[in-house]
Amino acid sequence: MAFIQFPKEMKWGAATASYQIEGAVNEGGRGLSIWDTFSKTPGKVYNGDNGDVACDSYHRYEEDVEIMQDLGINMYRFSVAWPRIFPNGIGEVNQEGLDYYHRLVDRLLEAGIEPLCTLYHWDLPQVLQEQGGWDNRETIEAFVHYAKTMFKEFDGKITKWITFNEPWCVSYLSNFLGAHAPGYTDLQLATNVAHHLHVAHGKTVIAFRELGTQGEIGYAPNVEWNEPYSDKQEDKDACARANAFFIEWFFDPVFKGSYPTFLVDWFKEKGVTVPIQEGDMDIIHQPIDFVGINYYTGSVGRYKKDEGLFDHERVDTGYQKTDIGWNVYPEGFYNVLRYLTKRYGAFPIYITENGSCYNDDVENGKVNDQGRIDYLKQHLTSLHRAMQSGVNIKGYLTWSLLDNFEWAEGYKMRFGIVHVNYRTLERTKKESYYWYQHMLENNFFEV
Ligand code: FCB
């Protein structure tokens, strides 16, 4: 038996996102987002589910903050729905939208919970999509304007900000793989989007500093880890490309002011270029205060000619899978954190998402989600190991506080440590909730 103990000053929390939990899509003057449109397009989301009601947190936020308080977390990551603030993307600000987030943040602060606010967790105003969305550089200006409005409005109240959640998903998953809104399958378009997100991120950081906003700003890329199946150079190269698609492609521009040449060349061979305009790379290359890392899974991979984008195929080596089919791969968590620290230095990291999908239901008032407890233990053990080796971890936020609208998977896939009955909206604390609560009380657990 061993004790896994964390530093006292480490922050602990849970995360959610606006469209996944708020509901009330037609209330408070909110405009439409691309997820309203996408989820109502037949065939895009499992079972035709949508976020109209979700967890109804727009109305039940007080109950949710009470749950957080009982859980014992001291940080909560939520996102702001851009179309609640600017129903038309830009133009007139919607006071009712600002008021909602004031109510939420005030309750959090009263409860002693630090708000960590994500500005963009995927709900682009539909009006902007109709003008080209992230393919159109004017969306960058609209985003910066929205961000500045938020910085001024919440200065001193919210002191931790994230520009973008998972820019890889916003660009490639949504515009090349077509799985998320707006659902296109065009590699050049996806690459334009990725670059424009970077520019929007950089401009937002510049605006944050110019305004003298109190607090810290970062972004939250999602990372995966691909371990080579063999020592063969071609397997190692294929995995390096697959990793770089998540890591270097989204970190190098911010940390080094350039795109990794080998991937630029790889894309060029496919006829795809990055639409860099003069000055862009300097704008993107802004010092940031922390990075949010979202990690769920990884796999073993090898070279296979013409497989996917990178001549890389995943090999099923028998890892356990969560109910969404993702490998439970805690060593990938350690490896990726080590890799990032080696490549970019020991920059401050918040784990802004880490969690698992287990669809256990309520039985006799209880939800026995042992799979999630095991996942948490394994990943926190890897995290601890990474910290011991010098990775600069400031906090850990599990995904998610509540079961919620899991994007293209609708309500089928549950990631919460609190169960939500989507008919009655009743919240039931799962066994993993009690495990996390106990761990937070003691600041250690046994393995
Ligand atoms: C991440 C998303 C988050 C949630 C988890 C399971 O990619 O950021 O909203 O859906 O996956």
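It should be emphasised that the depicted structure is a prediction, and the values quoted were computed from it without experimental measurement. One numbering rule holds for all chains: residues counted from 1, following each sequence as written. Totals for whole chains, interfaces and linings use every residue, but because this is a predicted model, local features are given only for residues with pLDDT of at least 70 and side-chain atom pairs only at 80 or more, for both listing and counting. Processing note: side-chain calculations cover all non-hydrogen atoms of the structure and skip hydrogens and water entirely.

**Focus on the UniProt feature "binding site: substrate" (unreviewed entry) in the chain**
Piece 1. UniProt positions are given in the numbering used here, feature names are shortened, and annotations may be inferred rather than shown by experiment. Per the UniProt record, the feature "binding site: substrate" (unreviewed entry) sits at Gln 20, His 121, Asn 165, Tyr 296, Trp 399, Glu 406 and Trp 407. Considering only the annotated residues already named, the ones lining the largest pocket are Gln 20, His 121, Asn 165, Tyr 296, Trp 399, Glu 406 and Trp 407.
Piece 2. Note on placement: Tyr 296 falls in strand β8 (residues 290–303).
Piece 3. Contacts between residues were defined by any pair of non-hydrogen atoms, one from each residue, lying within 4.5 Å. Setting aside residues up to four positions removed in sequence, Tyr 296 forms contacts with Glu 166, Trp 326, Asn 327, Glu 353, Asn 354, Gly 355, Tyr 375, His 379, Trp 399 and Phe 415.
Piece 4. We call two N or O atoms a polar contact when they sit within 3.5 Å, provided that within protein one can donate a hydrogen and the other can accept it, with sequence-adjacent residues counted only if both atoms are side-chain atoms. Within the structure, Tyr 296 has its side chain in polar contact with the side chain of Glu 353 (distance 2.6 Å).
Piece 5. By the secondary structure assignment, Trp 399 is in strand β11 (residues 393–399).
Piece 6. Judged by its relative accessible area of 3%, Trp 399 falls in the buried class. Cavity: a set of points on a 1 Å grid over the protein atoms alone where a 1.4 Å probe fits but cannot get out. Pocket: an open set with protein on both sides within 12 Å along at least five of seven lines, its lining residues, like those of a cavity, having an atom within 4 Å of a point. Labels follow the DSSP assignment, with helices taken as runs of H or I lasting at least four residues and strands as runs of E lasting at least two, numbered in each case from the N terminus. Any residue under 20% of the maximum accessible area for its type is buried, any over 50% is exposed, and the rest in between are partly exposed; the area is computed with a 1.4 Å probe on protein chains only.

**What about the UniProt feature "active site" (unreviewed entry) in the chain?**
Piece 1. When the UniProt feature table is mapped to this numbering, "active site" (unreviewed entry) covers Glu 166 and Glu 353. Taken along the chain, the residues just named run across 188 residues; in space they keep tight, none of their C-alpha pairs more than 10.3 Å apart. Checking the annotated residues one by one, the ones that line the largest pocket turn out to be Glu 166 and Glu 353.
Piece 2. Glu 166 sits in the buried class, given a relative accessible area of 7%.
Piece 3. Excluding residues that lie within four positions of it along the chain, Glu 166 makes contacts with Trp 122, Ala 220, Pro 221, Asn 222, Asn 294, Tyr 296 and Glu 353.
Piece 4. With respect to the helices and strands, Glu 353 occurs in strand β10 (residues 349–353).
Piece 5. Owing to a relative accessible area of 4%, Glu 353 belongs among the buried residues under this scheme.
Piece 6. Those residues in contact with Glu 353 that sit more than four places away from it in its chain are Arg 77, His 121, Asn 165, Glu 166, Ile 293, Asn 294, Tyr 295, Tyr 296, Leu 397 and Trp 399.

**Observations concerning the nonpolar core**
Piece 1. Nonpolar core, defined: a set of buried Ala, Val, Leu, Ile, Met, Phe, Trp, Tyr and Cys residues in which side-chain atoms within 4.5 Å join the residues together. Residues Trp 134 and Leu 383 are the most contacted members of the largest nonpolar core, which totals 133 residues.
Piece 2. The greatest single-element share of this core, amounting to 11 residues, is contributed by helix α9 (residues 187–210).
Piece 3. In contact with Leu 383, not counting residues within four places along its chain, are Phe 6, Met 10, Phe 333, Leu 337, Ile 351, Ile 393 and Tyr 396.
Piece 4. Counting 11 residues, the second-largest nonpolar core is a separate cluster that includes Tyr 296, Cys 357, Tyr 358 and Met 413.

**Observations regarding a negative patch on the surface**
Piece 1. On the surface, Glu 62, Glu 63, Glu 66 and Glu 426 cluster together into a patch of negative charge.
Piece 2. Mapped onto the secondary structure, Glu 63 falls in helix α3 (residues 57–71).
Piece 3. Judged by its relative accessible area of 34%, Glu 63 falls in the partly exposed class. A residue counts toward a patch only above 30% relative accessible area and without a salt bridge, and it is joined to like-charged neighbours within 9 Å or, for Val, Leu, Ile, Met, Phe, Trp and Tyr, to nonpolar neighbours within 5 Å. In this description, accessible areas are obtained by the Shrake-Rupley approach with a 1.4 Å probe, and a residue is regarded as covered only by the protein chains that are shown. The term salt bridge refers to a pairing of a side-chain nitrogen on Lys or Arg with a carboxyl oxygen on Asp or Glu at a separation within 4 Å. Charge assignment in this entry is limited to Lys and Arg as positive and Asp and Glu as negative, and neither His nor the chain termini are counted. Every charge is mapped onto a representative atom, which is NZ of Lys, CZ of Arg, CG of Asp or CD of Glu.

**Remarks on helix α5 (residues 95–110)**
Piece 1. Multiplying 1.5 Å by the helix residue count minus one yields the expected span of that helix. Here α5 contains 16 residues, and its C-alpha end-to-end distance of 22 Å stays within 8% of the 22 Å for a straight helix at 1.5 Å per residue.
Piece 2. When α5 is considered as a whole, its buried residues turn out to be Gly 97, Leu 98, Tyr 100, Tyr 101, His 102, Leu 104, Val 105, Arg 107 and Leu 108.
Piece 3. Considering only its buried residues, α5 is in contact with α1 (18–21), α3, β3 (75–79), α4 (82–85), β4 (114–120) and α7 (137–153).

**A short note on empty space enclosed by the protein**
Piece 1. Grid points are joined across faces, edges and corners, and a volume is the space filled by probe spheres set on the points. Within the structure shown, the criterion is met by 3 cavities of 30 Å³ or more.
Piece 2. Put simply, the largest cavity is a space of about 80 Å³.
Piece 3. Around the largest cavity, the lining comprises 13 residues; the ones closest to its centre are Ile 21, Ser 57, Tyr 76, Tyr 100 and Leu 104.
Piece 4. Broken down by secondary-structure element, the contributors of at least two residues to the lining of the largest cavity are α3, β3 and α5.
Piece 5. Per element, the largest residue contribution to the lining of the largest cavity is 5 residues, and it comes from α3.
Piece 6. For the lining of the largest cavity, the per-class residue count stands at 8 nonpolar, 3 polar and 2 charged.
Piece 7. Lining the second largest cavity, in full, are Ile 34, Trp 35, Tyr 120, Trp 122, Val 170, Ser 174, His 180 and Ala 181.
Piece 8. All amino acids are sorted into three groups, where Ala, Val, Leu, Ile, Met, Phe, Trp, Tyr, Cys and Pro are nonpolar, Asp, Glu, Lys and Arg are charged, and the leftover types, Gly among them, are polar. In terms of residue class, the lining of the second largest cavity is made up of 6 nonpolar, 2 polar and no charged.

**Quick notes on unusual backbone geometry**
Piece 1. Of note, the amide linkage connecting Ala 181 to Pro 182 takes the cis form, showing an omega dihedral of 10°.
Piece 2. Between Trp 399 and the following residue, Ser 400, the backbone shows a cis peptide bond with an omega angle of 5°.
Piece 3. Following the sequence through the fold, Ser 400 ends up in the loop between β11 and β12 (418–420).
Piece 4. We note that Asp 56 has phi near 60°; this positive angle belongs to a residue other than glycine.
Piece 5. The residue Asp 56 is located in the loop between α2 (34–39) and α3 in this model.

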